[in-house]
4 protein chains.
Amino acid sequence: MSLGWKWFTEYQTPYSAHMHGIREILYSEKTDFQHIDVFDTYEYGRMLVLDGKVQSTVKDEYFYHESLVHPVMLAHPEPRRVLIIGGGEGGTLREVLRHGVKKAVMVDIDRKVVESSKKYIPELSAGAFDDGRAEVIIGDGREYVRRGGERFDVIIMDVTDPLEEGPGQLLYTEEFYAAARNMLHKGGTIVTQATSTYYSVDCFAKIFRTVRKVFGEGRAGGYHTFVPAYDSMWGFIYGTDGADPKDMSRDQLEAAVKDRGITGLRYYGPDMHACLFTLPKEVTDSLEGDGSVATDARPTFMPI
Amino acid sequence: MSLGWKWFTEYQTPYSAHMHGIREILYSEKTDFQHIDVFDTYEYGRMLVLDGKVQSTVKDEYFYHESLVHPVMLAHPEPRRVLIIGGGEGGTLREVLRHGVKKAVMVDIDRKVVESSKKYIPELSAGAFDDGRAEVIIGDGREYVRRGGERFDVIIMDVTDPLEEGPGQLLYTEEFYAAARNMLHKGGTIVTQATSTYYSVDCFAKIFRTVRKVFGEGRAGGYHTFVPAYDSMWGFIYGTDGADPKDMSRDQLEAAVKDRGITGLRYYGPDMHACLFTLPKEVTDSLEGDGSVATDARPTFMPI
Amino acid sequence: MSLGWKWFTEYQTPYSAHMHGIREILYSEKTDFQHIDVFDTYEYGRMLVLDGKVQSTVKDEYFYHESLVHPVMLAHPEPRRVLIIGGGEGGTLREVLRHGVKKAVMVDIDRKVVESSKKYIPELSAGAFDDGRAEVIIGDGREYVRRGGERFDVIIMDVTDPLEEGPGQLLYTEEFYAAARNMLHKGGTIVTQATSTYYSVDCFAKIFRTVRKVFGEGRAGGYHTFVPAYDSMWGFIYGTDGADPKDMSRDQLEAAVKDRGITGLRYYGPDMHACLFTLPKEVTDSLEGDGSVATDARPTFMPI
Amino acid sequence: MSLGWKWFTEYQTPYSAHMHGIREILYSEKTDFQHIDVFDTYEYGRMLVLDGKVQSTVKDEYFYHESLVHPVMLAHPEPRRVLIIGGGEGGTLREVLRHGVKKAVMVDIDRKVVESSKKYIPELSAGAFDDGRAEVIIGDGREYVRRGGERFDVIIMDVTDPLEEGPGQLLYTEEFYAAARNMLHKGGTIVTQATSTYYSVDCFAKIFRTVRKVFGEGRAGGYHTFVPAYDSMWGFIYGTDGADPKDMSRDQLEAAVKDRGITGLRYYGPDMHACLFTLPKEVTDSLEGDGSVATDARPTFMPI
């Protein structure tokens, strides 16, 4: 066996990390917004990395993208117009388009994430960018939401983690969620990726409290799913003025999946749905924490 | 921040590994059976490592031990006598004793695992070794089972992974499970840890087929749980001549927990139970594999 | 301090390696001949890596290039025509041209090494490729030498290590050196990089014996120099039909340097010369080894 | 090949490190003074590590110990009484005793370094602790020197690097060297290890200037030697009121070695001597630096 000599090391904390051996470096650039790397790894195949954090891998991306998109989309009775903030690699757009939407707008700040993903990991978008219903806007998602204008049934936040030195932190604040809520049609829902429920449960909890403050008691919730390349259960927080995804029964989900003609789900499904919403005691015990919410002045951060 | 200089690196594959920074090395010895290390890690606290594989950590051990023990114990109407093979650190024994058993026999091959765990990570056994109902035998579990003699209601296999160069492989074979079944009282159950359902799903599936061959169609099953320090969902396989743990309802479990006076569960519980048994499609699709079973002549192995 | 997440790890042995944190990946490609990587490392600046082995770094390249080129060039009374095999990054050519040569031919097998070095680490060639006296041939150095034709005063082998799976091994054999000697003018000299005198002293010794067999007793020698990025003393072997570089006095060297107008030497110089040729006892004790020489049928290898 | 799972990583800088695979951990303890680890490494055999820095390895310790001890000892006409500060593993004492001294006093602050080295790496002291001429004092070398009392011909500083958070820094100051000079007999010499001449040349230079300030212009000097496990050339600084080691001729050294009956030198010797004192231009250019010296109030530090 030959020893790998190129490694990508993702730290969960300064003393805990996942090492990925790299077969080939396909793309690497420092853009105006972040470092982008596309690696072909031995274990996970092609992998998109932003500022040292795994975003998506060919091998396991469906754990994440299916779990981010389907619970809220299926709970909405008729999601015609969907807004995706971030999501540059196209996996979220791909899943959204399976729900018979009329239009999906994706706003990503970094053209080079979109382009490098299309070129080097086309499996992620799988043609979604060529779908006539998709509109891709290169721009600042925060600014797009602040300006308002169009309205959507579902907003999906597929953005980078709220790192202390990164730009993502202002996409997890009370002000941001309030502006986003204003873009929702009646009965609409917003969902965001919300970091690890194990390594950064306090951050997950704070995002929950922030969304709840904007949408109101009983109108926000959290769930999580295992994502292999993240070494962890990965959390999602939603706020809704419509049906709560948590309350969807197996039969309702089955019917919605059938109705929309969705086939070939690989991880998420009507059976798995309830498990995503079953948070372990230590997570639910953490939810109220110190009661604080994230604001533009005092955002939330992941520890690393 | 000072840079950690001692690292324990656990490989899932030759090109994917988890690095753990070590604060202190508490114990390290090569015994007649294996390398034992007890590290105080920055992220997981005290950690027992055998032959380079994490066994238990202070911080997250309950994910594993609760999931290994409680599903089969709660499904058994009256587990009076329990046999644990392996389990040297005492966490499995600790959980078993909460079920009102009359006797729990633990057979571990390596006295030094038991002693070093007691000394350096006493939280794992939490006094279980001093319980009058516990009997610890230092000896070869395979030989103990082969000889037969005593009979048990539940047998719990808390042993090291079936590594190609390790001794564990012969504790996962048809011959072994047949001998173990012979030690069960009527209606008894055996459960074994069964490696990752992500990184080594073929190994998990082969253990399932092997146990099923011994217990018969419909009398074996698998489930899994997230274990943080294993970076993965971790699998368990059981075979039973009694009630199938999978079929236990929330109410039945609630009643059993109450009846036995079990309190303070941290991860597993009547709510979580069904999730453990909800395997994703890619795992269930892998179960039949090539149809082979593990035998003494041709055991199963983890890839690394 | 932010933690580096991209690392290049160069193994000296399977259990000893140097980790280099990478600031930027400038170029990475698998060519027909090898993997080429150009990294901008935190500690060594821009670095050319071939098949996982550091070749040259901006920060320390002069230790190697000055030591490879100047001892034999200064010992030759009038090196008008010089052949370089390998040397794609241009550092060897750069140093050769300082000796008032009429012509320097460089034969490197991989056009992409030459081009990527010129583009990403221009400091290495420092304009040498534009010098009218330089001729760059993209081709197989072994074939070039086998065919013969032109004759040279000095031949410099600046090629990759003789790795078991690499193409370099046949550039260190008796047959190759015999053909190379046939290309030398009367009184000519050949010098080759010859791996570490610490980590692979047996390989260094075998190259010495092989060159000695071709040039004759007393007409070959070895020396070494510290190269920081190689973590080691690095060896060179020469064979000559002219003056032995080892015998050059400080005054002779001083005169030659002055005569050729060489200024700005950074590591090598008339004072340092004798040190390069002072091999420690454990190296000289290793030179005869098992007496074997490297042949096309049985080449020599580095351990990793 | 099995993958190593225990690694010791020594950082030269936050982005450059040497990884050593560990076969066995023989001893590991946090004492009142420092972390001590004794590892059996695959590449270097048994290795003493203090606070994450390699001190000595079985395989390559002679590079360091011979170079630290012999140049100044041979330059002194009759070194009867020698003081070693630090040196707990005993290698320096071992080499000192070969010079026909009457008495060698070793003062190490940490009893556990002495004891663990004796127990786990007895090759380092090789019986020196049992020599009737050796006196081992467990105590603070700085305090020992401050108190004064006995006088010595040679003082050898074999202490840990001047790390910002470590206790070693106050053993490299003007005040310390002044006190040490007061303990020297007429014509005496002090020598200290002085960190890397490559990775921390500014620190090396400052130690030089500090010793020179105490001993006077022309009465201090520096030299260096390759030490494999340090990945670098390693520096030493001396100050003397007697003969300058740098001026010793090959013949004088040869005679002294013969006279004292020293045999079996492995790296250092009369031939190598001059090379140790031949510093490359970039080192000599760095010596004057900003002109500052290290004082108790403003000590010098290695970068990491």
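Rules behind the numbers
- Residues numbered from 1 in each chain as written.
- Chains lettered and ligands numbered in written order.
- Predicted model: local features only at pLDDT ≥ 70, side-chain atom pairs only at ≥ 80, totals over all residues.
- Helix = DSSP H or I, 4+ residues; strand = E, 2+ residues; numbered from the N terminus.
- Rg over C-alpha atoms; globule rule 2.2 N^0.38 Å.
- Buried ≥ 20, exposed ≤ 12 C-beta atoms within 10 Å, placed from the backbone.
- Contact = placed C-beta atoms within 7 Å.
- Pairing = 2+ DSSP bridges.
- Axes fitted to C-alpha atoms, helices over the stretch in contact; angles between N-to-C directions.
- Nonpolar A, V, L, I, M, F, W, Y, C, P; charged D, E, K, R; others polar.
- Parallel < 35°, antiparallel > 145°, perpendicular 65-115°, else oblique.
- Left-handed = near helix turned anticlockwise from the far one by under 90°.
- Domains from an automatic or database assignment.
- Least-squares fit on C-alpha atoms with pLDDT ≥ 70 in both.
- pLDDT = per-residue confidence, 0-100.
- Arc of directions from axis to C-beta.
- Right-handed = clockwise from strand over helix to strand, strands pointing away.

## Quick look at the overall build of chain A
Here is step 1: On a plain count of helices and strands, chain A comes out with 10 helices and 12 strands.
Here is step 2: Computed over its C-alpha atoms, the radius of gyration of chain A comes to 18 Å, within 12% of the 19 Å expected for a compact globule of 304 residues.
Here is step 3: Among the 304 residues that make up chain A, the fraction classed as buried is 55%.
Here is step 4: For chain A, the share of sequence-separated contacts (at least 6 apart) that also reach a separation of at least 24 residues comes to 69%.

## Some details on the sheet that holds strand S7 (residues 103–108) of chain C
Residue and element names in this part refer to chain C.
Here is step 1: Strand order in the open sheet formed by seven strands is S8-S7-S6-S9-S10-S12-S11, and the pairing between neighbours is mixed. Sheet topology places strand S8 (134–138) and strand S11 (220–227) at the edges, where each strand pairs with a single neighbour. Direction aside, the axes of adjacent strands within the sheet are offset by 20° on average.
Here is step 2: As defined by bridge partners, S7 adjoins S8 across five bridges and the pair is classed as parallel.

## A word on the interface of chain A and chain B
Here is step 1: Residue-level contacts link 30 residues of chain A with 30 residues of chain B.
Here is step 2: Breaking the side of chain A that touches chain B down by element, the ones donating at least two residues are strand S2 (16–30), strand S12 (232–240), helix H9 (270–276) and helix H10 (281–286) of chain A.
Here is step 3: With six residues, S2(A) is the single largest residue contributor to the side of chain A that touches chain B.
Here is step 4: Looking at the side of chain A that touches chain B residue by residue, the classes come out as 14 nonpolar, 10 polar and six charged.

## A few points about the interface of chain D and chain C
Here is step 1: Taken residue by residue, the interface counts 30 residues in chain D and 30 residues in chain C.
Here is step 2: Contributing elements (two or more residues each) for the side of chain D that touches chain C: strand S2 (16–30), strand S12 (232–240), helix H9 (270–276) and helix H10 (281–286) of chain D.
Here is step 3: Residue contributions to the side of chain D that touches chain C peak at six residues, all from S2(D).
Here is step 4: Class assignment of the residues belonging to the side of chain D that touches chain C gives a composition of 14 nonpolar, 10 polar and six charged.
Here is step 5: Note that strand S2 (residues 16–30) of chain C and S2(D) share five bridges and pair antiparallel. For Ser16(C), the partnering residue across the bridge sits in S2(D) and is His20(D).

## Observations regarding the packing of helix H6 (residues 174–182) of chain B against helix H7 (residues 201–215) of chain B
Residues and elements named next belong to chain B.
Here is step 1: Packing of H6 against H7 leaves a shortest axis separation of 9 Å and a crossing angle of 45°. Taken together, H6 and H7 sit at an angle that is classed as oblique. Pair H6 / H7 crosses with right-handed handedness. Between H6, through Glu-174, Tyr-177, Ala-178 and Arg-181, and H7, the contact on the second element is made entirely by Thr-210, Val-211, Lys-213, Val-214 and Phe-215.
Here is step 2: Considered class by class, the residues forming the contact of H6 with H7 number five nonpolar, one polar and three charged.

## So, the domain arrangement of chain A
Residue and element names in this part refer to chain A.
Here is step 1: Along its sequence, chain A is organised into domain 1 (7–56) and domain 2 (61–286).
Here is step 2: Taken together, the 20 residues of domain 1 in the interface contact 22 residues of domain 2.
Here is step 3: Of all the elements in the fold, those that place two or more residues in the side of domain 1 that touches domain 2 are strand S1 (6–13), S2, strand S3 (35–41), strand S4 (45–50) and strand S5 (53–57).
Here is step 4: Here the side of domain 1 that touches domain 2 is composed, by residue class, of nine nonpolar, seven polar and four charged.

## Considering the relation of the copies chain D and chain C
Here is step 1: In screw terms, the move from chain D to chain C is a rotation of 180° and a rise of 0.0 Å along the axis, fitting with an RMSD of 0.0 Å. Expressed as an axis order, the relation between the two copies is that of a two-fold axis.
Here is step 2: A shared interface surface links the copies, since 100% of the contact residues of chain D are contact residues in chain C too.

## Some words on the pairing of strand S4 (residues 45–50) of chain D
All names here are of chain D.
Here is step 1: For S4, the tally of buried residues reaches five of six residues, placing the bulk of the element in the interior.
Here is step 2: For strand S3 (residues 35–41) and S4, the ladder comprises six bridges, and the chain directions are antiparallel. Its bridge partner being in S4, Phe-39 is matched across the sheet by Met-47.
Here is step 3: Here S4 pairs with strand S5 (residues 53–57) via four bridges, running antiparallel. Opposite Met-47, over in S5, you have Thr-57 as the bridge partner.

## Things to note about the relation of the copies chain A and chain B
Here is step 1: Rotating chain A by 180° and translating it 0.0 Å along the rotation axis places it on chain B, where the RMSD comes to 0.0 Å.
Here is step 2: Comparing interface residues between copies, 100% of those in chain A also sit at the interface in chain B, which points to an isologous, same-surface contact.

## Some words on the confidence of the model for chain A
Here is step 1: In the predicted model, chain A carries a mean pLDDT of 95, and the fraction of residues at 70 or more is 99%.
Here is step 2: In the predicted assembly, ipTM is 0.94 and pTM is 0.92.

## Focus on helix H6 (residues 174–182) of chain C
Residue and element names in this part refer to chain C.
Here is step 1: Of the residues making up H6, those classed as buried are Phe-176, Tyr-177 and Ala-180. Within H6, the buried residues cover an arc of 95° as seen down the axis, which keeps them to one side.
Here is step 2: Close packing links the buried residues of H6 with helix H5 (141–147), strand S9 (152–158), strand S10 (184–196), helix H7 (201–215) and strand S12 (232–240).

## Some words on unusual backbone geometry
Note on backbone geometry: most residues besides glycine have negative phi, and most peptide bonds are trans.
Here is step 1: One non-glycine residue, Asp51(A), adopts positive backbone phi at about 45°.
Here is step 2: Unlike most non-glycine residues, Ala126(D) shows phi in positive territory, near 50°.

## Here's the deal with the pairing of strand S6 (residues 81–86) of chain A
All names here are of chain A.
Here is step 1: Most of S6 sits out of view: five of its six residues are buried.
Here is step 2: Regarding topology, helix H2 (residues 91–96) serves as the crossover connection from S6 to the parallel strand S7 (residues 103–108), and that connection is right-handed.
Here is step 3: Alignment of S6 against strand S9 (residues 152–158), held across five bridges, turns out to be parallel. Across the sheet, residue Ile-84 finds its bridge partner in S9, namely Ile-156.

## Section: the sheet that holds S9(A)
All names here are of chain A.
Here is step 1: Spatially, S8-S7-S6-S9-S10-S12-S11 is the arrangement adopted by the seven strands of the open sheet, whose pairing is mixed. If you trace the sheet from one side to the other, it starts and ends with strand S8 (134–138) and strand S11 (220–227), each paired once. Each neighbouring strand pair of the sheet contributes to a mean axis angle of 20°, computed without reference to strand direction.
Here is step 2: Sheet analysis places S11 next to S12, joined by eight bridges and oriented antiparallel. Residue pairing in the sheet places Ala-220 in a bridge with Gly-239 of S12.
Here is step 3: Here helix H1 (residues 61–75) sits on the sheet and contacts S9, strand S10 (184–196), S11 and S12; the angle it forms with S11, its principal contact strand, is near 150°.
Here is step 4: Contacts between helix H7 (residues 201–215) and the sheet are confined to S10, S11 and S12, with S12 contributing the most and set at about 10° to the helix.

## As for the environment of Ile156(A)
Residues and elements named next belong to chain A.
Here is step 1: By the secondary structure assignment, Ile-156 is in strand S9.
Here is step 2: For the pair Ile-156 and Pro-299, spaced 143 residues apart in sequence, the C-alpha separation works out to 19 Å.
Here is step 3: For Ile-156, the contacting residues outside a window of four places in its chain are Leu-68, Val-69, Val-82, Ile-84, Thr-92, Val-96 and Val-191.

## Overview of the environment of Thr173(A)
All names here are of chain A.
Here is step 1: Tracing the chain through its elements places Thr-173 in the loop between S9 and helix H6 (174–182).
Here is step 2: Taking the C-beta count within 10 Å as the criterion, Thr-173 has 23 such neighbours and is therefore assigned buried.
Here is step 3: Ignoring anything within four residues of it in the chain, the contact list for Thr-173 reads Thr-210, Ala-294, Thr-295, Asp-296 and Pro-299.

## Describing the environment of His99(A)
All names here are of chain A.
Here is step 1: In this fold, His-99 is placed in the loop between H2 and S7.
Here is step 2: Note on His-99: 24 C-beta atoms within 10 Å, which makes it buried.
Here is step 3: Each C-alpha atom of the pair His-99 and Gly-291 lies 36 Å from the other, and the pair is 192 residues apart in sequence.
Here is step 4: For His-99, the residues in contact, after removing those within four places along its chain, are Met-73, Pro-79 and Arg-260.

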